[in-house]
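If you want the building blocks of each chain, they are given just below.
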Amino acid sequence: MSKKRGLSLDEKREKMLQIFYNSQDFFLLKELEKLGPKKGVISQSVKDVIQTLVDDDLVFKDKIGTSVYFWSLPSCAGNQLRNVSRKLETDLQASKKRHTELVEQCKALKKGREDSDAREEALNELKAIQQKHNELKEELAQHADNDPATVEAMKKAIEVAHSAANRWTDNIFTLRQWCSNNFPQAKEQLDNLYNEVGITDDFDYLELPAVVPLAVTEGEL
């Protein structure tokens, strides 16, 4: 025997509405949770189903004292459906008006754009110009490293790096002098240590190289 199919949400909503329409009475939620299973709606889902009906204005609720009551009348559903129908009709008319406006706009835009030899020639020329523009952009990107702003940024970065390197060189000289002053008996060991880490006799401050101009104009010759 095949398993019985459960009710869909729409079917559950219809079943719960029947409870209201048949009795035309007011109910507490716990009462609806007892009546729901008699209509095939399990008690655990009654609350969620009722809430969807409240959200759609098919069921109304109000708090009286500490209790919340739910009710719905067939006339309420009829009024709701009429309101929905009027809204849909208004939306339909607005959509038809917008469609007419777009059709007229499309016709207006097509004026002067009829197919012709002159238009075809103009389009081909535009396509060629766009292609040339893209080629020039690609070529320009290849020379981005020579951009004046990029070069200036690189010069500033070099100056910062040069200053930092000489600052550390100065620190090394200071540390070396401190070690010599405080540990004169370990001069030979210290010299060996300096040589091992690369601090040899030719260790000195860095000189900032002269910047070679990118191009020489006739006025500079």
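Residues numbered from 1 in each chain as written. Predicted model: local features only at pLDDT ≥ 70, side-chain atom pairs only at ≥ 80, totals over all residues. Heavy atoms only, no water.

## With respect to the overall build of the chain
Now for step 1: From N to C terminus, the chain includes seven helices and three strands.
Now for step 2: In sequence order, the chain lays out its α and β elements as α-β-α-α-β-β-α-α-α-α.
Now for step 3: Once local pairs closer than 6 in sequence are excluded, the contacts in the chain between residues at least 24 apart make up 55%.
Now for step 4: Put simply, the chain shows about 18,100 Å² of open surface, and 56% of that area lies on carbon and sulfur atoms.
Now for step 5: The average position of the 32 basic charges and that of the 38 acidic charges among the side chains of the chain differ by 20 Å. (Helix = DSSP H or I, 4+ residues; strand = E, 2+ residues; numbered from the N terminus. Contact = heavy atoms within 4.5 Å. Areas by Shrake-Rupley, 256 points an atom, 1.4 Å probe, with all protein chains shown as cover. Lys, Arg positive; Asp, Glu negative; His and termini not counted. Charge placed at Lys NZ, Arg CZ, Asp CG, Glu CD.)

## A few points about unusual backbone geometry
Now for step 1: Phi angles above zero are rare outside glycine, and Gln24 is one such case at about 50°.
Now for step 2: For Gln24, the location among the structural elements is in the loop between helix H1 (9-23) and strand S1 (27-28).
Now for step 3: Of note, Asp57 is a non-glycine position whose phi angle comes to about 60°, a positive value.
Now for step 4: Note on placement: Asp57 falls in the loop between helix H3 (43-55) and strand S2 (60-64).
Now for step 5: By relative accessible area, Asp57 is classed as partly exposed at 38%. (Buried < 20%, exposed > 50% of the residue type's maximum accessible area, 1.4 Å probe, protein only.)

## Re the pairing of strand S3 (residues 67-71)
Now for step 1: Pairing of S1 with S3, which is carried by two bridges, proceeds in the antiparallel orientation. Note that in S3 the partner of Leu28 across the bridge is Tyr69.
Now for step 2: Of the strand pairs in this sheet, S2 and S3 are connected by five bridges, and their pairing is antiparallel. Across the sheet, the residue bridging to Lys63 is Val68, located in S3.
Now for step 3: Between S2 and S3, which follow one another and run antiparallel, lie two residues, and Gly65 among them has a positive phi close to 70°. (Pairing = 2+ DSSP bridges.)

## Things to note about a negative patch on the surface
Now for step 1: A contiguous patch of negative charge, built from Glu114, Asp115, Asp117, Glu120, Glu121 and Glu125, is present on the exposed surface.
Now for step 2: Counting through the fold element by element, Glu121 comes out in helix H5 (residues 117-142). (Patch = residues over 30% accessible without salt bridge, like charges linked within 9 Å, V, L, I, M, F, W, Y side chains within 5 Å. Salt bridge = Lys/Arg side-chain N within 4 Å of Asp/Glu carboxyl O.)

## Considerations on the packing of H1 against H3
Packed helix pairs are characterised by how far apart their axes lie and by the angle those axes make with each other.
Now for step 1: Running from N to C, H1 and H3 point in directions that differ by 85°, and their axes come no closer than 10 Å. Comparing their axes, H3 and H1 come out roughly perpendicular. For the pair H1 and H3, contact is made by Leu9, Lys12, Arg13, Met16, Leu17 and Phe20 and by Ser45, Val46, Val49, Ile50, Thr52 and Leu53, respectively.
Now for step 2: Taken together, the residues of the contact of H1 with H3 sort by class into eight nonpolar, two polar and two charged. (Axes fitted to C-alpha atoms, helices over the stretch in contact; angles between N-to-C directions. Parallel < 35°, antiparallel > 145°, perpendicular 65-115°, else oblique. Nonpolar A, V, L, I, M, F, W, Y, C, P; charged D, E, K, R; others polar.)

## Some thoughts on the packing of aromatic side chains
Now for step 1: Applying the stated rule across the entire model yields six aromatic pairs.
Now for step 2: Taking 5.6 Å as the distance between ring centres and 75° as the angle between the ring planes, the aromatic pair formed by Phe173 and Phe203 counts as edge-to-face. One end of the pair, Phe173, is in helix H6 (residues 148-182); the other, Phe203, is in the segment after helix H7 (187-196), with 30 residues separating them in the sequence.
Now for step 3: Looking at Phe203, the relative accessible area reads 22%, which means it is partly exposed.
Now for step 4: Members of the aromatic cluster, connected to one another through ring pairs, are Phe26, Phe60 and Trp71. (Phe/Tyr/Trp six-rings, centres within 6.5 Å; stacked < 30°, edge-to-face > 60°.)

## Describing the UniProt feature "domain: Mnd1 HTH" (unreviewed entry) in the chain
Now for step 1: UniProt's entry tags residues 16-74 with the feature "domain: Mnd1 HTH" (unreviewed entry), counted in the numbering of this structure.
Now for step 2: Measuring from the first to the last C-alpha atom of residues 16-74 gives 13 Å, for a span that is 49% helix and 20% strand. (UniProt positions renumbered as here; feature names shortened; annotations may be inferred.)

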